[in-house]
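So the chains spell out like this:
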Amino acid sequence: MSDTADLTGHTVVVTGANSGIGLEAARTFAARGAHVVLAVRDIAKGRAAAATINGSTEVRELDLADLSSVRSFAEDWDRPIRTLVNNAGIMMVAEGRTADGFERQIGTNHLGHFALTNLLLPHVTDRVVTISSGLHHGPQVRLDNLDLDGAYTPSRAYQQSKLANLLFTLELQRRLRESGSAVVAHAAHPGYSATNLQSHHANPLMNKLMWIANKVVATSAEFGSRPTVHAATADLPPASYIGPTRLGGTRGAPGPNPRSTQAQSSDVARDLWDISEQRTGTTFPLVVR
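Calculation criteria
- Residues numbered from 1 in each chain as written.
- Predicted model: local features only at pLDDT ≥ 70, side-chain atom pairs only at ≥ 80, totals over all residues.
- Heavy atoms only, no water.
- Salt bridge = Lys/Arg side-chain N within 4 Å of Asp/Glu carboxyl O.
- Helix = DSSP H or I, 4+ residues; strand = E, 2+ residues; numbered from the N terminus.
- Buried < 20%, exposed > 50% of the residue type's maximum accessible area, 1.4 Å probe, protein only.

1. Considering the pattern of salt bridges
A side chain with one charge can pair with a side chain of the opposite charge if their charged atoms come near.
In step 1: Summed over all chains, the structure comprises 14 salt bridges.
In step 2: A salt bridge links arginine 79 to glutamate 58, with the shortest nitrogen-to-oxygen separation between them at 2.6 Å. Taken together, the residues arginine 79 in the loop between helix H3 (67-75) and strand E4 (81-86) and glutamate 58 in strand E3 (residues 56-61) connect sequence positions 21 residues apart.
In step 3: Judged by its relative accessible area of 23%, arginine 79 falls in the partly exposed class.
In step 4: You can call glutamate 58 buried: its relative accessible area is 19%.
In step 5: The closest approach of N and O atoms between glutamate 171 and arginine 174, which form a salt bridge, is 2.7 Å. Residue glutamate 171 and its partner arginine 174 are both found in helix H5 (residues 154-178); the two are separated by three residues, about one turn of the helix.
In step 6: By relative accessible area, which is 2% here, glutamate 171 ends up buried.
In step 7: A residue is classified by how much of its surface remains accessible, and arginine 174, at 14% relative accessible area, is buried.
In step 8: In this structure, a network of salt bridges that share partners links the residues Glu171, Arg174, Arg175, Arg177 and Glu178.

Taken by themselves, the reported measurements are silent on function.
Structure (structure tokens):
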């Protein structure tokens, strides 16, 4: 299937679709005929965003920092999903905890999406796309301390959560393959695009510096959404990692991007999966042969 595929008659769920690259991707999916579900924490903002989209949309409440919200979303779902786009995220925020006691960035960016994917997977018919970041190149995942207790910094926690997104994709694809499922898992990253993510750094000085970078260096949110759309619709090898292909993954057409060494480790991916199952109380719903 090409990345200009007609999506008429299909449903695409996009988390965090009320702004940034999630909203731009939702616009593209709707323009190609999809019924797009904006899964958002703030219903009012979701409805305002949906009003700017030409096409079929629906807004549903989802707070990835609260597993009870994730479970409610999944329990209320009753129809096929062509593509689940795990897009929502928070970036380099001050240290804090989710409703379930997880460090906020690993809890929202990874564990919330981990639980959502496993709970919705019986409804997914084509693929799962999870948004990572070029910043996953950095400190390794602390399997012994995912919450970074005593070792927290905003950037380290963000990098770990984005690395976890890639490890999740790797292990999800292995399980899908071994269960005989036709569903595939991909990851994508936007490069450096100007979105609301850069306005919540724990350090006020960094907020100012990133505001300047957004004006001078960053690409548009629409440009940043192109790897998401490509990963969601193009014919790709399983577990592809898609991003801009020029200037260190910041410019150019979307295509395969390099992963860090740990992001390619099947052993670390399996260990992280086991820990994530224990912490979220969710499991892979298909039978692995």
